[in-house]
Amino acid sequence: MFLLVVLGAPAVFRFSNPEESPASFVGAMHDAEPRFVLLGNSLLETRVDQNYLSTLADGRRVVSLAVPSTESAVWYLQLKYVVLASDAPVETVFIFFHKDMITRPLEGLDGRNRGLIAGLLSGDETDYYRVIADSRSMHQQMVAALDGVYPLQRWSDSAQDGIADLAAILLPSSPQELSDSAEDEFAFHNRRESSAEDPPVDPVRAFEDSVSSSFLPLMLEIAREAGVNLVFVRVQERPNQDGSVHESPAMHEYSKALGEYLGTAGAGYVDFTGNPSIDRAMYYDSFHIRARYLSDYTELFYNEIAPYFEIEGGSVR
Amino acid sequence: MTFQTLSFLFLLVCTFSLYWFLGRRMQNLLLLVASYVFYGYVDPWLAVLLSAFSLLMYASALGATPIVGEPAGRRQRMFLALGIAVAVGALGVFKFLGFFVESVGDFAEVLGLGTFSNHLNIILPVGISFYTLQALGYVIDVHCGKTEVCRDLLDFGIFISFFPQLVAGPIERASNLLPQFESRRRFSAEDAREGVTLLLWGFFKKLVIADNVGVIADNVFGLESPGFGLVWVGVLAFGLQIFADFSGYTDIARGTARLFGIKLSLNFNHPHMARSPVDFWRRWHISLSTWFRDYVYIPLGGSRAGRRRTVINIMVTFLLSGLWHGAAWNFLLWGAYHGGLVVVQRQVGSLKGSEWRIPRAVRLLQIPVTFALVSAGWILFRETDLAHTLGMLTASPFAESASDYELALFLGLQVAIYSIPVLVHTAVASSVDGVRGLAVTPWQREGARAVFAAGFFAAILLLRPASGGEFIYFQF
């Protein structure tokens, strides 16, 4: 009885986050009728301002469907059920990722996106489940099962933000201003070199070994059938102190193989690694860009991808 | 293997499922196997080391046991010395040799004797600081006749390796733990409920409190030159983090052990309510402070050998306690700082007569003053770079702008919010005696406990950060 109450009660709470629901994406597509769509996670969210990008591109309509903490499983489902299923005249979809995440199909192991995924999935999804099953360890499958029992976790980000908002009540500045101030204070350029070291990452799998068990071939296939261009944007990791690129030879090989594969498949590929315009000071952490550089990065991004917007030369610098 | 992994949950569920169908010896055998799986999960070499250490300490204790009715002879003293050598030697090699060689090399370099390659790269086996002290205390107790020698290798093996407390304590005494392994355990629903509640409270403290305020502490201590306000917010955050982290670990250990019918010692007793440095050490990491009291301070003569000798004994004990935490100068300084606080407290106390009563106003200030003194010490504990320690301690309050203070206040208020559950727990615990007089039915009590436990579980799901840190005391 005791265990039933303890383990059962938290499973009762089932919230949904309206800001990141499939309906909100469909609504955004319907309202904007975009020609260009951006997909990705917080790396996209901290890099590109959709309105400013639209302005730079002579008013061409752009929509960003970024969802923090998502990976390629969600982007595949967004592409299939939101972007390609809409009536909008979509020409090109840009998909943002870092390192080799485009061929790592995990769907966010902490369950925060489980509701979103459940909302996006509809009908028979044999391909989706095949890729997920191929790429998950038993441990990850157990975590996913637990996440299914306790959807309360989907509000984790909001709950943590709530603590910060509560702390800000007594202070004159707004929670957003205080968060920006904290972000500035703890940015990389204020940190000691020893504490600014990057966390260890999983070893890179060769592209050839990972592509078949990823969503990448499925994305290319459905886009080709719909006649929509795909452009994959690989964002750059924070450069080293001396400005050099932080990338292993294995990762370099991966990127090269990915570019060749996408070229053969008729998709675009922009790798920002080594881009000299990206300064170390722009970074909040290893990959995220500080809020104050959102416009700068949007311009930088626009300059790089202008050809995909069918604009000659498009430099705004 | 660590507590916050699914592997641990799997091991716990499997072991628990079998445990209560077995007899006493098979229960111990199952716990021993589970403990070695737990310890050798990442690196089987650790299990080999643990078994070799256990065998040597088992033999030492057998040999160090005096013959009944006779004082300990030369042979017994030799075996005692062997036990001490094995335990201290294991600590010395794995924990301090690298530090010693590095320090000698640095010193030689300062003296201009040349540059040396002085990094030995010795890997510290997890938990060695804890199980060596536990085993050493046992051998000494056996030799002194304070506890019965354990002749059953299986019982002794599980006493040393019991997985809930293997890697970060509590450091148990043989007189508490061994009799529990030597007697038959029967399933009790009360033990199971208490165990689950402790587990959830421990995980709540670790995953919700420690991991969230740890982000603030890590950010502040990671700055090149934090300002005055941020330094002290970082110190507060770290103070809360280390308490929630370590006491959380202890509660998980106690809760897990309770599921197997084993009661481990209390390791924390609301240390933030301490009224003096001495009182703090009666409440913080109790199993370590009592170990050092009984096996270092008292054998050195304690407070019976005159005032000067007492001061030396206190300082030696605290320096060793500091060094036990890690082979680094900052831990030595941290030990010296606390030793100094205790010495000053004793000196001030001795100036007053035994008749002197502490005025009410002073009594009210005792808790915040002790809290501030202990908090200041956390800088020495957390900061490994002495130049940065100095920079933090000398940060000027006048060099800050209003927005700097607002940011510090913003972060400080977040720390305060995360500390509320700890304060509520203290308030509830201190008022339990008053509540006991009320007519509360067992159903009401169990209902309240179930609601609290479910609340902790829900809070863990809701408020744990996406990526949490390892337990701080695992590094010791």
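Going by the structure above, here's the rest.
Below: a short report on this structure.

The rules behind the values
Residues numbered from 1 in each chain as written. Chains lettered and ligands numbered in written order. Predicted model: local features only at pLDDT ≥ 70, side-chain atom pairs only at ≥ 80, totals over all residues. Heavy atoms only, no water. Helix = DSSP H or I, 4+ residues; strand = E, 2+ residues; numbered from the N terminus. Rg over C-alpha atoms; globule rule 2.2 N^0.38 Å. Buried < 20%, exposed > 50% of the residue type's maximum accessible area, 1.4 Å probe, protein only. Contact = heavy atoms within 4.5 Å. Areas by Shrake-Rupley, 256 points an atom, 1.4 Å probe, with all protein chains shown as cover. Lys, Arg positive; Asp, Glu negative; His and termini not counted. Charge placed at Lys NZ, Arg CZ, Asp CG, Glu CD. Phe/Tyr/Trp six-rings, centres within 6.5 Å; stacked < 30°, edge-to-face > 60°. Arc of directions from axis to C-beta. Polar contact = N/O pair within 3.5 Å; in protein donor to acceptor, adjacent residues only side chain to side chain. Buried area = accessible area lost by both parts, 1.4 Å probe. Salt bridge = Lys/Arg side-chain N within 4 Å of Asp/Glu carboxyl O. Nonpolar A, V, L, I, M, F, W, Y, C, P; charged D, E, K, R; others polar. Pairing = 2+ DSSP bridges. Right-handed = clockwise from strand over helix to strand, strands pointing away. Core = buried A, V, L, I, M, F, W, Y, C linked by side-chain atoms within 4.5 Å. Expected span 1.5 Å × (residues − 1). Axes fitted to C-alpha atoms, helices over the stretch in contact; angles between N-to-C directions. Patch = residues over 30% accessible without salt bridge, like charges linked within 9 Å, V, L, I, M, F, W, Y side chains within 5 Å.

Time to look at the overall build of chain B. Along the backbone of chain B there are 19 helices and 0 strands. Here chain B has a C-alpha radius of gyration of 24 Å; the compact-globule value for 476 residues is 23 Å, and the two agree. Overall, chain B is about 70 × 70 × 55 Å in size when its C-alpha atoms are taken along their principal axes. Per-residue burial over chain B gives 53% buried out of 476 residues. Within chain B, residue pairs in contact and separated by at least 24 positions form 76% of the contacts whose partners lie at least 6 positions apart. A total accessible area of about 21900 Å² is found for chain B, and carbon and sulfur atoms account for 67% of it. Between the averaged position of the 36 positive side-chain charges in chain B and that of its 30 negative side-chain charges there is a distance of 12 Å.

As a further point, take the overall build of chain A. When helices and strands are tallied, chain A shows 14 helices and 5 strands. A buried classification covers 48% of the 317 residues belonging to chain A. Taking as baseline every contact in chain A between residues at least 6 positions apart, the subset at least 24 positions apart corresponds to 81%. Entry remark: accessible area of chain A is about 14500 Å², with carbon and sulfur atoms responsible for 53%.

Following the criterion strictly, the structure yields 53 aromatic pairs over all chains and no others. With a centroid separation of 5.6 Å and an interplanar angle of 25°, the aromatic rings of Tyr128 of chain A and Phe215 of chain A are classed as stacked. One end of the pair, Tyr128 of chain A, is in helix 7 (residues 126-135); the other, Phe215 of chain A, is in the loop between helix 11 (207-210) and helix 12 (216-226), and 87 residues separate them in sequence. A single burial state applies to Tyr128 of chain A and to Phe215 of chain A, both of which are buried. Their ring planes at 50° and their centres at 4.8 Å tell us that Phe3 of chain B and Phe8 of chain B sit as a pair that is tilted. Under the relative-accessibility criterion, Phe3 of chain B is labelled buried at 2%.

So, about helix 16 (residues 386-393) of chain B. Residue and element names in this part refer to chain B. Buried within helix 16 we find His388, Thr389 and Met392. End-on view of helix 16: buried residues confined to an arc of 105°, all on one side of the axis. Opposite the packed face of helix 16, turned more than 90 degrees from it, sit the exposed residues Ala387 and Leu390. Turning to helix 16, the residues buried within the fold contact helix 9 (189-221), helix 10 (228-259) and helix 15 (360-382). One side-chain oxygen at the N-terminal end of helix 16 lies 2.9 Å from the backbone nitrogen of Ala387; it belongs to Asp385.

Here we take up the interface of chain B and chain A. Counting residues at the interface gives 38 residues for chain B and 39 residues for chain A. Overall, the association of chain B and chain A removes approximately 3500 Å² of surface from exposure, summing both partners, and the carbon and sulfur fraction of that is 73%. Here chain B is connected to chain A by 0 salt bridges. Among the secondary structure elements, those contributing two or more residues to the side of chain B that touches chain A are helix 9, helix 17 (402-430) and helix 19 (442-463) of chain B. Sorting elements by how many residues they give to the side of chain B that touches chain A places helix 19 of chain B first, with 10 residues. Classifying every residue of the side of chain B that touches chain A by side-chain character gives 24 nonpolar, 6 polar and 8 charged.

Let us look at the pattern of salt bridges. Residues and elements named next belong to chain B. Under the counting rule described, the total for this entry stands at 19 salt bridges over all chains. Across the salt bridge formed by Asp294 and Arg293, the nearest N and O atoms sit 2.8 Å from each other. Salt bridges sharing common partners tie together Glu190, Arg193, Glu194 and Arg449.

All names here are of chain A. As judged from the 4 bridges shared by strand 4 (residues 229-235) and strand 5 (residues 268-271), these two strands associate in the parallel manner. Bridge pairing in strand 5 places Val233 opposite Val270. Between strand 4 and its parallel partner strand 5, the chain crosses via helix 13 (residues 249-265), and the hand of that crossover is right-handed.

Nonpolar side chains tend toward joint burial in soluble globular proteins. One finds Tyr131, Tyr138, Phe159, Trp378 and Phe410 of chain B to be the most contacted residues of the largest nonpolar core, which totals 146 residues. Contact partners of Phe159 of chain B, with chain neighbours within four places excluded, come to Gln134, Tyr138, Gln165, Glu172, Arg173, Ala174, Leu177, Leu178 and Phe181 of chain B. By size, the runner-up hydrophobic cluster in this structure holds 46 residues, among which are Phe25, Leu39, Ala88 and Ile117 of chain A.

We now examine unusual backbone geometry. Residues and elements named next belong to chain A. Within the chain, Glu33 stands out as a residue other than glycine whose phi angle is a positive 45°. Along the chain, the position of Glu33 falls in the loop between helix 2 (22-32) and strand 1 (36-39). With a relative accessible area of 41%, Glu33 lands in the partly exposed category. In this model, Lys99 sits at a positive phi of 50°, which is unusual for a non-glycine residue.

Here the focus is helix 13 of chain A. Residue and element names in this part refer to chain A. Counted at 1.5 Å a residue, the expected span for helix 13 with its 17 residues is 24 Å, and the 24 Å between its end C-alpha atoms agrees. Buried within helix 13 we find Met251, Tyr254, Ser255, Ala257, Leu258 and Leu262. Buried-residue contacts for helix 13 involve strand 3 (92-98), helix 11, helix 12, strand 4 and strand 5. One or two positions beyond helix 13, positive phi appears at Gly266, with a value near 80°.

The subject of this paragraph is the side chain of Gln134 of chain B. All names here are of chain B. Tracing the backbone through its elements, the reader meets Gln134 in helix 5 (residues 128-143). A relative accessible area of 4% places Gln134 in the buried class. Apart from the residues within four sequence positions on either side, Gln134 is in contact with Phe159, Ile160, Gln165, Pro170, Ile171, Glu172, Leu177 and Trp291.

Strand pairing in a sheet is mediated by backbone hydrogen bonds. Such pairs are either parallel or antiparallel. Residues and elements named next belong to chain A. Pairing is parallel in the open sheet, where 5 strands are placed in the order 2-1-3-4-5. The open sheet terminates on both sides in strands that have one partner only, identified here as strand 2 (62-64) and strand 5. For this sheet the average axis-to-axis angle between neighbouring strands, irrespective of direction, equals 20°. The sheet contact formed by strand 1 and strand 2 spans 3 bridges and is parallel. In the sheet register, Phe36 faces strand 2, and the bridge partner there is Val62.

Residues Arg275, Arg357, Arg360 and Arg363 of chain B make up a contiguous surface patch of positive charge. The class for Arg360 of chain B is exposed, based on a relative accessible area of 62%.

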